[in-house]
Amino acid sequence: MSNPPHTKTKLFSRTSWSEWKRVADILRQETVGGMLLLAGAVVALIWANSPLSDSYTAVRDFTIGPHALHLDLSVSQWAADGLLAIFFFVVGVELKREFVVGDLRDPRRAAIPIVAAVGGVILPALIYVLVNLGDASALRGWAIPTATDIAFAVAVLAVIGRFLPSALRMFLLTLAVVDDLIAICIIAVFYTEELSVVPLLLALVPLAVFTLLVQRRVRSWWLLIPLGLVTWALVHASGIHATVAGVLLGFAVPALKREGEAVSVAEHFEHRWRPISAGVAVPIFALFAAGVAFGGLDGLASALTDPVAIGIMAGLVLGKAVGIFGTTFLMSRFTRAELDSDVAWVDVFGIAVLAGIGFTVSLLVGDLSFGEGDERGETVKIAVLFGSLLAALIASVVLRMRNRHYRKIHEKETRDADRDGIPDIYQGRDSSEDRLA
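Residues numbered from 1 in each chain as written. Predicted model: local features only at pLDDT ≥ 70, side-chain atom pairs only at ≥ 80, totals over all residues. Heavy atoms only, no water.

> So what exactly am I meant to see when it comes to the overall build of the chain here?
Within the chain, the secondary structure is distributed over 17 helices and two strands. Out of the 437 residues in the chain, the part that is buried amounts to 47%. The contacts in the chain between residues at least 6 apart in sequence include a share of 78% that link residues at least 24 apart. About 22700 Å² of surface is accessible on the chain, with carbon and sulfur atoms providing 64% of the total. (Helix = DSSP H or I, 4+ residues; strand = E, 2+ residues; numbered from the N terminus. Buried < 20%, exposed > 50% of the residue type's maximum accessible area, 1.4 Å probe, protein only. Contact = heavy atoms within 4.5 Å. Areas by Shrake-Rupley, 256 points an atom, 1.4 Å probe, with all protein chains shown as cover.)

As structure tokens, this is what we get:
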């Protein structure tokens, strides 16, 4: 009796690889990334307010990493400084593409959302400062309500706005991309307490090698990832927030295609890293950043009436809406810049309110403003959560109404009563329903 032939087991078979590819494709969807972000925050809140809250604190504050390299960080710090660097790398690549081949390449086309983004940063900061005027320690958090969470905002828009004009989505994307760029500059300039020049200069070496390799179209992960890690570690050691390293590495990636290339290196890298950013980095950051114990209704009421919380929530909900909408109106009224003809002013207002979702970057800036041990750090988390939720709810009401309006237009334009393949509107015919209307 012969024994069956021995077959070698492969670690990654074609079947498993196709399954991983399918999962990656799912994670690239904007709605999925936003839902995972929300899920991470919900799990954190439930865990931090459950009988197992001590285990949440123990895991979040657990320290790991080499002390000699000044990388003995807590799990929450690894999530904020390390995993978010992946998120900011993807943001950097996206920014590079927008400035080189995207909407931001043409200043005339991008003028309104760019200036609107600036208005959406200045007014929330101003509102926060006015609410907390006289309290020097509270003023450290002035930048918390200035950020828009692009993943969360775009995910909400994708869920509720299927029939909204595509120009509206591009307005939000451009607005959020510029907002991210401003947030990066704020973090680099205003939240660097001590700058060590030597590690910063040394970081230029691996960054330059990384840039040279990607410019030469080298895509080998075993070369590029170690260079990225060394750049990240040196930027972290310099005192500048380590997520800036992710942005610098993203900016280094070429966005233009060369002859013979199907896609640019920037498109390739964004395609590869977005599932890791949306499916791993951002949800884990949310898990360890959003966990705050409310302390019952009394504790929640106390936190929400704190001037820091009021400044954050007013900045996110009121400041973003008025700042973006007002700046857009002034730009279209007093300059040659024009709003897309498919977009109504009520649509702009809905997007302006939606931009008040300031989850990821707002929580990060809150951690930088009020470090560990400061009781206001917990207040910041509650305020960001409630402010972002309120902005999402108000925007959902406005944009759902507009979505119904555009859905009726879509149905009218695509109605084909006799099923001849030509919509009735192009044949001069109207249904009895339209005539009655």
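> Any chance you could explain helix α9 (residues 221-238) here in plain terms?
Residues three or four positions apart in an α-helix share a direction because the helix packs 3.6 residues into each turn. Between the first and last C-alpha of α9 there are 25 Å, a value that for 18 residues agrees with the 26 Å anticipated at 1.5 Å per step. For α9, the complete set of buried residues consists of L224, L227, G228, T231, W232, V235, H236 and S238. Backbone geometry just downstream of α9 places G239 in the positive-phi region, at approximately 105 degrees. (Expected span 1.5 Å × (residues − 1).)

> How should I be thinking about the packing of aromatic side chains in this particular structure?
One pass over the structure, following the stated rule, counts ten aromatic pairs. Taken together, a centroid distance of 5.2 Å and an interplanar angle of 80 degrees make the contact between F87 and F88 edge-to-face. Here the two residues F87 and F88 agree in accessibility, since each one is buried. Seen in terms of ring centroids, F89 and F269 are 6.5 Å apart; in terms of plane orientation they differ by 40 degrees. Their pairing is tilted. Of this pair, F89 sits in helix α4 (residues 75-100) while F269 sits in helix α11 (residues 265-289), and the two are 180 residues apart along the sequence. Residue F269 is classed as buried on the basis of its relative accessible area of 7%. Looking at R333, its charged tip hangs above the ring of F334, at a distance of 5.1 Å from the centre. (Phe/Tyr/Trp six-rings, centres within 6.5 Å; stacked < 30°, edge-to-face > 60°. Lys NZ or Arg CZ within 6 Å of the ring centre and 35° of its normal.)

> Would you mind showing me how to read the packing of helix α8 (residues 197-215) against α9 here?
Put simply, α8 and α9 touch, their axes get as near as 8 Å, and they point 155 degrees apart. Our classification of the angle between α8 and α9 gives roughly antiparallel. The handedness of the crossing between α8 and α9 is left-handed. Together, P199, L200, L202, A203, P206, L207, V209, F210, L213 and V214 of α8 and L223, L224, L227, V230, T231, L234, V235, A237 and S238 of α9 make up the contact between the two elements. (Axes fitted to C-alpha atoms, helices over the stretch in contact; angles between N-to-C directions. Parallel < 35°, antiparallel > 145°, perpendicular 65-115°, else oblique. Left-handed = near helix turned anticlockwise from the far one by under 90°.)

> So what exactly am I meant to see when it comes to the confidence of the model for the chain here?
Detailed conclusions should not be drawn from predicted coordinates in areas where pLDDT is low. Chain-level pLDDT for the chain is 84 on average; 89% of the residues reach the 70-or-more range. A low-confidence stretch, residues 431-437 (pLDDT under 50), is modelled with four contacts involving residues beyond four sequence positions or located in other chains. (pLDDT = per-residue confidence, 0-100.)

> Mind showing me how you'd approach the nonpolar core here?
In globular proteins that are soluble, nonpolar side chains generally tend to be buried together. Counting residues in each nonpolar core, the largest one holds 91 residues, and the members touching the most others are F88, L172, I312, I351, L354, F359 and L399. Broken down by element, the residue count for this core peaks at 13 residues, all from helix α7 (residues 166-190). If near-sequence neighbours (up to four positions away) are discounted, F359 is found in contact with L37, A41, D149, F152, A286, A290, V384, L385 and S388. Membership of the second largest hydrophobic core comes to 15 residues, among which are F89, L224, L227 and A266. (Core = buried A, V, L, I, M, F, W, Y, C linked by side-chain atoms within 4.5 Å.)

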